[in-house]
Amino acid sequence: MLPTIKAGDVVFVKHEDQLRTGDIVVLNHPAVGMVVKRVKTILEEYLYLIGDNKRLDSSTCHVPLPMSLAEGRVFAVYRFPFCIRLLPAIAD
Amino acid sequence: MIFKMSTAQAHCDIPCKIYDPMIAQVAALSVARLVDLLLEIESGEASIESQNEFTRLVQEKEVQARNVKSEVNIIWGDYFKSPQIEQHPGVHDLVHSIMMCGSKCKQGVDKAEATRLVELVNDFADMFWQTKGVATKRVIAPYPPALAIVQPILADA
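Residues numbered from 1 in each chain as written. Chains lettered and ligands numbered in written order. Predicted model: local features only at pLDDT ≥ 70, side-chain atom pairs only at ≥ 80, totals over all residues. Heavy atoms only, no water.

### Considering the overall build of chain A
At step 1: A tally of helices and strands in chain A yields 0 helices and 8 strands.
At step 2: Along chain A, from the amino end to the carboxyl end, the secondary structure elements read β-β-β-β-β-β-β-β.
At step 3: Taking all 92 residues of chain A together, 40% fall into the buried category.
At step 4: Surface exposure of chain A reaches about 5,200 Å², of which carbon and sulfur atoms provide 61%. (Helix = DSSP H or I, 4+ residues; strand = E, 2+ residues; numbered from the N terminus. Buried < 20%, exposed > 50% of the residue type's maximum accessible area, 1.4 Å probe, protein only. Areas by Shrake-Rupley, 256 points an atom, 1.4 Å probe, with all protein chains shown as cover.)

### Describing the packing of helix 2 (residues 48-79) of chain B against helix 4 (residues 91-107) of chain B
Pairs of packed helices are described in terms of their axes, by the angle between the two and the distance that separates them.
Residues and elements named next belong to chain B.
At step 1: One can describe the packing of helix 2 onto helix 4 by two numbers: an axis separation of 9 Å at closest approach and a directional angle of 170°. For the element pair helix 2 / helix 4, the angle class is roughly antiparallel. Residue-level contacts link Lys-61, Glu-62, Ala-65, Arg-66, Val-68, Lys-69, Val-72, Asn-73 and Trp-76 of helix 2 to Val-91, His-92, Val-95, Ile-98, Met-99, Gly-102, Ser-103, Cys-105 and Lys-106 of helix 4. (Axes fitted to C-alpha atoms, helices over the stretch in contact; angles between N-to-C directions. Parallel < 35°, antiparallel > 145°, perpendicular 65-115°, else oblique. Contact = heavy atoms within 4.5 Å.)

### Thoughts on the interface of chain B and chain A
At step 1: Facing the 15 residues of chain B at the interface are 19 residues of chain A.
At step 2: Regarding the contact of chain B and chain A, the summed buried area is about 1,500 Å², with carbon and sulfur atoms giving 55% of it.
At step 3: Counting every contact that joins chain B to chain A gives 0 salt bridges.
At step 4: Seen at the junction of chain B and chain A, the total is 5 residue pairs in polar contact (both at pLDDT 80 or more).
At step 5: Across the side of chain B that touches chain A, the residue classes tally to 6 nonpolar, 5 polar and 4 charged. (Buried area = accessible area lost by both parts, 1.4 Å probe. Salt bridge = Lys/Arg side-chain N within 4 Å of Asp/Glu carboxyl O. Polar contact = N/O pair within 3.5 Å; in protein donor to acceptor, adjacent residues only side chain to side chain. Nonpolar A, V, L, I, M, F, W, Y, C, P; charged D, E, K, R; others polar.)

### Focus on the layout of surface pockets
At step 1: Of the pockets and cavities examined, the largest pocket occupies roughly 930 Å³.
At step 2: Taken together, 32 residues line the largest pocket, and the ones lying closest to its centre are A:Val11, A:Phe12, A:Val13, B:Lys4 and B:Ser6.
At step 3: Elements with a contribution of two residues or more to the lining of the largest pocket: strand 1 (10-14), strand 3 (33-43) and strand 7 (70-79) of chain A.
At step 4: When its residues are assigned to classes, the lining of the largest pocket shows 21 nonpolar, 6 polar and 5 charged. (1 Å grid on protein atoms, 1.4 Å probe; cavity = no way out; pocket = protein on both sides within 12 Å on 5 of 7 lines; lining within 4 Å. Points joined across faces, edges and corners; volume = space filled by probe spheres on them.)

### Looking at unusual backbone geometry
At step 1: The residue after A:Phe80, namely A:Pro81, is reached through a cis peptide bond having omega 5°.
At step 2: Structurally, A:Pro81 is set in the loop between strand 7 and strand 8 (83-86).
At step 3: For the bond running from B:Pro144 to B:Pro145, omega is 5°, close enough to zero to count as cis.
At step 4: Phi is positive for A:His62, close to 65°, though the residue is something other than glycine.

### A look at the environment of B:Glu113
Residue and element names in this part refer to chain B.
At step 1: Position of Glu-113 among the secondary structure elements: in helix 5 (residues 111-131).
At step 2: When its relative accessible area of 16% is taken as the criterion, Glu-113 is described as buried.
At step 3: Expressed as a C-alpha distance, the spacing of Glu-113 and Cys-101, which sit 12 residues apart in the sequence, is 6.7 Å.

### As for the packing of aromatic side chains
At step 1: Enumeration over the complete set of coordinates arrives at 6 aromatic pairs over all chains.
At step 2: Aromatic side chains A:Phe12 and A:Phe75 sit 6.2 Å apart centroid to centroid with 50° between the ring planes, which places their arrangement in the tilted category. Here A:Phe12 is found in strand 1, whereas its partner A:Phe75 is found in strand 7, with 63 residues between them in sequence.
At step 3: Under the relative-accessibility criterion, A:Phe12 is labelled partly exposed at 32%.
At step 4: Look at A:Phe75 and you get partly exposed, because its relative accessible area is 30%.
At step 5: Centre to centre, the rings of B:Phe80 and B:Phe124 are 5.8 Å apart; their planes meet at 35°, and the pair counts as tilted. With a gap of 44 residues between them, B:Phe80 in the loop between helix 2 and helix 3 (82-87) and B:Phe124 in helix 5 connect regions that are remote in the sequence. Take B:Phe80 and B:Phe124: they sit in the same class, and that class is buried. (Phe/Tyr/Trp six-rings, centres within 6.5 Å; stacked < 30°, edge-to-face > 60°.)

Remember that the coordinates give geometry; whether it matters functionally is a separate question.
Now the structure itself:
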């Protein structure tokens, strides 16, 4: 998820009933566990994810994943030692 | 409000997006070549050397047919996602045909099936390169059994 999130960052997640395209979410993937990705598309009750790092791809991306697997939206990222960034919700 | 700590990963498992159907094509050509070599063995010959060669050819045919199936499966399962499948909705049927034909090549020594496997993998390669916007051409492989293969037309270095 570079450059937005790098290994070791602490992300703060808030459960949201309504996720939106562009949100960064933590999702409990049935095959690989907790993943953090950006929502590329929402079709009915399914999310299609994408990573921010354009050089890499993941088998968790571009495939429909039930929205019910999402733990919530990442609203802040803490990077050691002094950096904290707020990620506002995407406006409608 | 309840706080819960757990670890999430970005899960980037495909570095640099390197996929190429050529590995599957070479494996399919190998199956065809091995079938030719098996058919060349005199059926009545039963010397130790002949049996040894026969066993090695069958074993290698098994390996190469498995490689075809494995390589095609990787590209189909990991590379083909919604945009590519929308572009080529027939990819699932094609991959299934390759799996079936690969199994037939493992089970028997049939030149027609081996040639068909090469053609099916060629179709898959053509489909793959189309998803990347790369034109292809058919050329004759410069080694036995000199079957036609699909190659991408790439930019000069």
